[in-house]
Every structure is written in structure tokens, then in C-alpha cells.
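Topology and contacts: notes
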Amino acid sequence: MSEFFKNEMVRGDIQEMAELQQYCMRAMMSFPALSPEKQHEYFEVLMTLIEKQKIFYTRLSLSDDPEAKNMQQSMKDGAVLLGAEPGDNLLEMFDDLMEKVEKMKAEAKRRMDA
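What comes next concerns the included structure. Just so you know, these numbers come straight off a predicted model, no measurement behind them. (Residues numbered from 1 in each chain as written. Predicted model: local features only at pLDDT ≥ 70, side-chain atom pairs only at ≥ 80, totals over all residues. Heavy atoms only, no water.)

**A closer look at helix H4 (residues 66-81)**
This is how the line gets drawn: Secondary structure follows DSSP: runs of H or I at least 4 residues long count as helices, runs of E at least 2 residues long count as strands, and numbering of each begins at the N terminus. By this rule, a helix spans an expected 1.5 Å times one less than how many residues it contains. Buried, partly exposed and exposed residues are distinguished by accessible area as a fraction of the type maximum, computed with a 1.4 Å probe on protein chains only: under 20%, between the cut-offs, and over 50%, respectively. As used here, the arc belongs to the directions running from the helix axis to the C-beta atoms. Throughout, a residue-residue contact means that at least one pair of heavy atoms, one from each residue, lies within 4.5 Å. By the criterion applied in these results, polar contacts are pairs of N or O atoms within 3.5 Å in which, for protein atoms, one can donate a hydrogen and the other can accept it, and in which residues neighboring in sequence qualify only through two side-chain atoms.
Over its 16 residues, H4 extends 23 Å from the first C-alpha to the last, a length consistent with the 22 Å expected when each residue adds 1.5 Å. Burial in H4 covers these residues: Ala68, Gln72 and Ala79. Along the long axis of H4, the arc covered by the buried residues comes to 45 degrees, so they all point the same way. Summarising the geometry of H4, the exposed residues directed more than 90 degrees from the buried face are Pro66, Asn70 and Leu81. The secondary structure elements touched by the buried residues of H4 are helix H1 (3-6), helix H3 (36-62) and helix H5 (90-113). The backbone nitrogen of Glu67 lies 2.8 Å from a side-chain oxygen of the residue at the head of H4, namely Asp65. Looking one or two places after H4, you find Gly83, whose phi comes out positive at around 115 degrees.

Written as C-alpha cells, this is what we have:
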């Protein structure tokens, strides 16, 4: 394991992102059946996950560690599998995702208040 991934903060962030991702996957599977409050919670957790992924990607970008560079490339490759273009800026993609989630959250709130 490289020095980058031995860092306690990095390991904690990876663990936290994994837990957030698991929560989001479970909630997404039953989203239409969730109460409005749980839907709101889902959007909040999803936004937290995206923000943490963006910060982690930035850390990877700033590191010279070969394993960090491999992880960064894996994230880029994963984005391409999800529809991004190979040259797309992932930081902008994270920002776009945040905007989309904000809109979905606002729409869910509007329905809840109606």
C-alpha cells in the first residue's frame, strides 16, 4: 500500500464514502416509496457523497503517488462508463451533478409542500 493510502485521513475518507454510497444505493432502490423526509435525507446524503468524492479526486490530482494516480485514472474511466467523454473535466462533472441533485431536491420539496 502506498503512502497516500496509508494516511489515516485518506483511509477514513474512503471508508466514509463507501458508507455513504451504500446508503444511497439502498435508498435509491426504494426511493418512490420513501417518505418525503427520507427523500430529503437521501438528497442530503447524496450531495455529501458527491462533495466528498470531488475533494478526494482533487487530493488524488495533487498527489505524485503512483497508486493515487491509478485511482484518479480509475475514477476517470468510471465516469466514461457512465457517459462522460474521455477528456471531460471531472471536477466540472461533480459540480454538474450537485446542480442536478439540488434541482431534484427542490422538486421533491415542492411536491412535499403542495
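**As for the packing of aromatic side chains**
This is how it is decided: Side-chain rings of Phe, Tyr and Trp (the six-membered ring for Trp) are treated as a pair once their centres are within 6.5 Å; stacked means planes under 30 degrees apart, edge-to-face means over 60, and tilted covers the remaining angles.
Throughout the structure, instances matching the rule amount to six aromatic pairs. Between Phe4 and Phe5 the ring centres are 5.0 Å apart and the planes differ by 80 degrees, which places this aromatic pair in the edge-to-face class. We classify Phe4 as buried; its relative accessible area is 12%. Residue Phe5 is classed as buried on the basis of its relative accessible area of 11%. In this structure an aromatic cluster arises from ring pairing among Phe4, Phe5 and Phe56.

**As for the packing of H4 against H5**
Geometrically, a packed helix pair is captured by the angle between its two axes and the distance between the axes. Basically, it comes down to this: Axes here refer to lines fitted to C-alpha atoms; in helices the fit is confined to the stretch in contact. Angles between the N-to-C directions go from 0 to 180 degrees. Angle categories: roughly parallel below 35 degrees, roughly antiparallel above 145, roughly perpendicular from 65 to 115, and oblique for all the rest. If you view the pair so one helix is near and one far, a crossing is left-handed when the near helix is turned anticlockwise from the far one by less than a right angle, and right-handed when it is turned clockwise. Any residue outside Ala, Val, Leu, Ile, Met, Phe, Trp, Tyr, Cys, Pro, Asp, Glu, Lys and Arg is labelled polar, Gly included; the first ten of those are nonpolar and the last four are charged.
Contact pair H4 / H5: the axes reach a minimum separation of 11 Å and the direction vectors enclose 55 degrees. Compared by their axis directions, H4 and H5 come out oblique. Along this stretch, H4 crosses H5, giving a crossing that reads as left-handed. Counting all contacts with H4, which are made through Met75, Lys76 and Ala79, the residues of H5 involved are Leu90, Met93 and Phe94. Looking at the contact of H4 with H5, its residues break down into five nonpolar, no polar and one charged.

**What to know about the nonpolar core**
The cut-off we apply is this: Buried residues of nine kinds, namely Ala, Val, Leu, Ile, Met, Phe, Trp, Tyr and Cys, make up a nonpolar core once their side-chain atoms join them within 4.5 Å.
One finds Phe4, Tyr42 and Phe56 to be the most contacted residues of the largest nonpolar core, which totals 26 residues. Among the elements that make up this core, the one with the highest residue count is H3 (ten residues). Beyond its immediate stretch of four places on either side in the chain, Phe56 contacts Phe4, Phe5, Val10, Ile14, Met17, Met71 and Met75.

Keep in mind that these numbers describe shape and distance, not what the molecule does.
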